[in-house]
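The lines below spell out each chain.
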Amino acid sequence: MLKLKPMFDLHKDVECDILRKEASVCRVKEYSGEVETRILNIERDGGILYSWKGATGTTRIGKYDSSTKQNKLLYTFDKQVCVSSCSLNKEETLLAVSLEQNTRGQERLKPISKCLTLLIEIHPINNTKVLKAVDCRVKVQFLNSEPDRRSLLESHLLLLTEDGYVDLYHVLLAKQEGYRVVMANPERLTKTAERIVEDFNWVQWDGHTQRLYYLTHNVKFLMRCVQFYPNHYGETVLELPLELPANPFRTVKFVNLGFDHYHVERPEQELVRMEVLTDRIGSMCVCCSQPVKDKQEVIYTVVLVHKDCSKAFRVSLDSEQSPQKATQLHPLFIPIGYYILVYLHGYFLHCINTRQQELLCHSLFLSGHDVDLGLQCQSANITVLHAEEESSSSLLDLATGRIHTAELSPAYLLRILRSDTPSRCPSSKTDLQRLAALHCLLVYMGNDPKLELKIIEWLCDNVNAFESFDQIQEFILASLYRISFEKSLSLDKVLPYSSVFDKKEIPVCLLEVPGVSCTSELHIESVFKGKARSLQGFWSELQWNTERTKYLDAVPNPRYRTSHIQADWDKLRSERRPTSHMNHMEENTKKVLSMVDTWCLDKKLVPLFQEEDQQQRALIGLTVDKLREHLNRHLPRLGKKKIDSLVVNYVAKLLELIRHMLESVWLKYKLGPCVLCLSSTQQGSPAEWSAFHFMFRILEATRGLCLPLPPGFHTLLSAFAVRVLPHHTFLQYIDHGVLQLTETFVSRLMTDLDNSDANERLKFSILKRLPEPMDQRIYHMWDHPASSASISRDYVRTLLEKHNKNKGFAFTGRDKQGFRPEFLPLTYLAKILSDIEEQAQNPFVEQENVDARFVEETALKQTLILLGYEEK
């Protein structure tokens, strides 16, 4: 599941170098003693601080520079000491250490504190200042923000104690003799310390972002975040209430504050394991887990601050799938991009999608034999390091001292797509995993063209839609979502990313994961404070994401659904005459096609965008209009100009994506220009049939979503159809609306096919199915007696209509359905006589100036005769 890359090996990169140096100190060829090297801390720049037992009975502290791959000795104690915490300032002039002191043995009668915290000048080695001497554990950590002129002679040190408070020391430095860096006024150092946290029971340091998270409890648990700015000023910027069990921490818990080899908390003593994960795009997740109880189930919660919700998961553990004992009581939380991997060795791996968290089907869940991270050690020994590169994490095995960078493996995800349904696994579960893997490949890893080509090849090999989702629809929407999301993060909640939401009813198999229950809670009441409201970057994005999510959760249908424009599309197609609305649609289309043209100047493998297709042009314009209207309604902050650019780009990328799919199919099946030649008497090849089937599935997928196709697509599809289908089947496809006859295709059919009996029947059948304006143009292209007769009739009709235009007669031989004159002059004469007869006076129709009295008397006379009172 993970692609691991070695980054650091304590033995190879450090111990071998130490052994050489110790041998030179002892003046021996090879040093045979043990050095007991231990990793102490990893600073923001990737430098690894470590300690080892020297040959002369001393303890030394060194640094491994990850960029130069060089080791450097920082300080040597004149005796063996137990270093529990260590930090180095960025300028490498000060070293802060906490020493675990031995209070037993010969010194048991001396008054001695358990922990001694020192600040040491090391440029060069000079004075040492005692900061703390207390009976509790103390952690030290230098701030490491971007340097400025002032910071070169100033360092800032965090001191965190097990008693639950945090102090910030501002250390002023001075230069002596041009190179010596010493502390200025060291005697005033402890007096000027600033107390920034009064009480906490859990604390986490994030060195890459210079943030301190801590948990406090009064009436309820409250997590706060202190942001340190480039001027080293710290301010509380976020407060987040959390639901946790009572007394979750038996002792104060330190996270990401180095490695204490003399105080190791047993996993069963941790009632809650908690960690905060963030990334630069403005997302924050708080992950909490409870230990495995009786090996039956594991409970973990992910609070998605940027989505204003939390999700609690309860996973049942299947002992039959993993018969080994659970040595790991808490799952690991591994952040990779916007995915959080929850891993319990031997039982399950849950890749939680923190961007599309609405449905479980977009997060990959593997269990039992499918779980394999590729780790060569027990995961209980693994510590997750927060890497600066968001696409990967670093995993440290403290037992061996090895660090690996970990990325999601595209090859593993592709195997999930390609895997057949195992006999022990129902097809619905396989569909669930395929959908999650497909989204991870397309949205998270989709920037790799080679990977995209492999996915399209998989689509070609699996053309028919799966039981619970349409993979081609998912490919189109997920790819467009990724492309658009890169343009603007604000589109996250308003653009479609899955066709699942367009279904009338979402399949149950996509809503449930076997063995996993999930409960969601909305509105987590995060509070932004202080300068976070006016900050640029992470905090402004996080706040905007949170507020936008709250708004969009309160309005109906915030996410655009392409199928909702079907009614507008049907109405637009029924309009026969050009209107101002249709002219507006055409302007939208011109913008989109002009952008596509600029992208495709050197790509002419597939003949698209080379003809007029009025229906598709109208649908392109309508799609632009409706999407623009949706974004203006829900994201007015972006501005109309940017929204217009985003929408045009979105639709253009849609057309370009379909062209790219067809080009990949063209290359896969090695199709050439001959596939467009209709004169060939040979039946279409298997490759052409496969290409036709794939194009037909694209047509089916886009129609289901009411998405436009590139102009020329229908011509290409009809050309494949007439080559691979029997003629009667081809005509049925037309009658059922599957194939759309374009003028380009029909004209090519008329000219390329010979006039054999079968081809003549096909041509006449197609001519009968053409609308009237088109069939008149097509007759001019067919070299056939029927075509010549039709052209002659049209010519004579035009002459006679022109000649008699002023006489008030209009030749309307086509007014009656099925009327087709054979001899136009005779028909014209019959028409004139018919029109004169219609204009003659009808004796049975009442005329003007009738004598009403005469009519009345006549009617009365006739009545009396009928009654027998009078004779005629």
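Procedures and definitions
- Residues numbered from 1 in each chain as written.
- Predicted model: local features only at pLDDT ≥ 70, side-chain atom pairs only at ≥ 80, totals over all residues.
- Heavy atoms only, no water.
- Helix = DSSP H or I, 4+ residues; strand = E, 2+ residues; numbered from the N terminus.
- Buried < 20%, exposed > 50% of the residue type's maximum accessible area, 1.4 Å probe, protein only.
- Contact = heavy atoms within 4.5 Å.
- Areas by Shrake-Rupley, 256 points an atom, 1.4 Å probe, with all protein chains shown as cover.
- Salt bridge = Lys/Arg side-chain N within 4 Å of Asp/Glu carboxyl O.
- Pairing = 2+ DSSP bridges.
- Polar contact = N/O pair within 3.5 Å; in protein donor to acceptor, adjacent residues only side chain to side chain.

Draft legend 1. Structural detail: the overall build of the protein. Assigned secondary structure in the protein consists of 19 helices and 32 strands. Residue burial in the protein is summarised as follows: out of 872 residues, 51% are buried. The contacts in the protein between residues at least 6 apart in sequence include a share of 60% that link residues at least 24 apart. Carbon and sulfur atoms make up 50% of the accessible area of the protein, which totals about 43100 Å².

Draft legend 2. Broad picture of the pattern of salt bridges. Taken as a whole and assessed by the stated rule, the structure comprises 33 salt bridges. Residue Glu407 pairs with Lys3 through a salt bridge whose shortest N-O separation is 3.8 Å. With Glu407 in strand E30 (residues 402–408) and Lys3 in strand E1 (residues 2–9), this pair connects stretches of sequence that are 404 residues apart. On the basis of relative accessible area, Glu407 is assigned to the partly exposed category, the value being 29%. Classification of Lys3 by relative accessible area gives partly exposed; the value is 42%. Here Arg628 and Asp625 are joined by a salt bridge, their closest N and O atoms 3.3 Å apart. A residue pair is termed a helical-turn pair when its members lie 3 or 4 positions apart in one helix, as Arg628 and Asp625 do in helix H9 (residues 614–634) at three residues. Overall, Arg628 belongs to the buried group, its relative accessible area being 13%. With relative accessibility at 14%, the residue Asp625 sits in the buried group. Connected via shared salt-bridge partners are Asp45, Lys63, Lys72 and Glu92.

Draft legend 3. Highlighting unusual backbone geometry. Here His123 and Pro124 are connected by a cis peptide whose omega angle stands at -10°. In this model, Gln210 sits at a positive phi of 55°, which is unusual for a non-glycine residue. If you trace the backbone, Gln210 turns up in the loop between strand E15 (202–206) and strand E16 (211–217). Although it is not a glycine, Asn247 sits at a positive phi angle of roughly 50°. Following the sequence through the fold, Asn247 ends up in the loop between strand E18 (234–242) and strand E19 (253–255).

Draft legend 4. Fine view of the pairing of strand E22 (residues 297–304). Where E22 lies against strand E23 (residues 309–316), eight bridges are found, and the strand directions are antiparallel. Bridge assignment links Tyr300 to a residue of E23, and that residue is Phe313. As consecutive antiparallel partners, E22 and E23 are separated by four residues, and within that stretch Asp308 has a phi angle of approximately 55°, a positive value.

Draft legend 5. The arrangement of the environment of Gln473 in detail. Within the secondary structure, Gln473 is located in helix H5 (residues 471–487). The spacing of Gln473 and Arg703 is 230 residues in sequence and 10.0 Å in space, taken between C-alpha atoms. Setting aside its immediate chain neighbours within four residues, Gln473 contacts Ser499, Ala701, Gly704 and Leu705. At 3.1 Å, the side chain of Gln473 and the backbone oxygen of Ala701 are in polar contact.

Draft legend 6. Quick look at the side chain of Thr702. Examined against the element boundaries, Thr702 turns out to sit in helix H11 (residues 686–705). Accessibility expressed as a relative area gives 1% for Thr702, which makes it buried. Ignoring sequence-local partners within four residues, the contact set of Thr702 consists of Ile476, Ile658, Leu707 and Leu709.

Draft legend 7. Seen up close, the sheet that holds strand E17 (residues 221–228). A sheet is described by the order of its strands in space; here six strands give the open sequence E19-E15-E16-E17-E18-E32, paired in mixed fashion. Each edge of the open sheet carries a strand with a single partner, namely E19 and strand E32 (527–528). Pairing of E17 with E18 involves eight bridges; the strand directions are antiparallel. Note that in E18 the partner of Leu222 across the bridge is Pro241.

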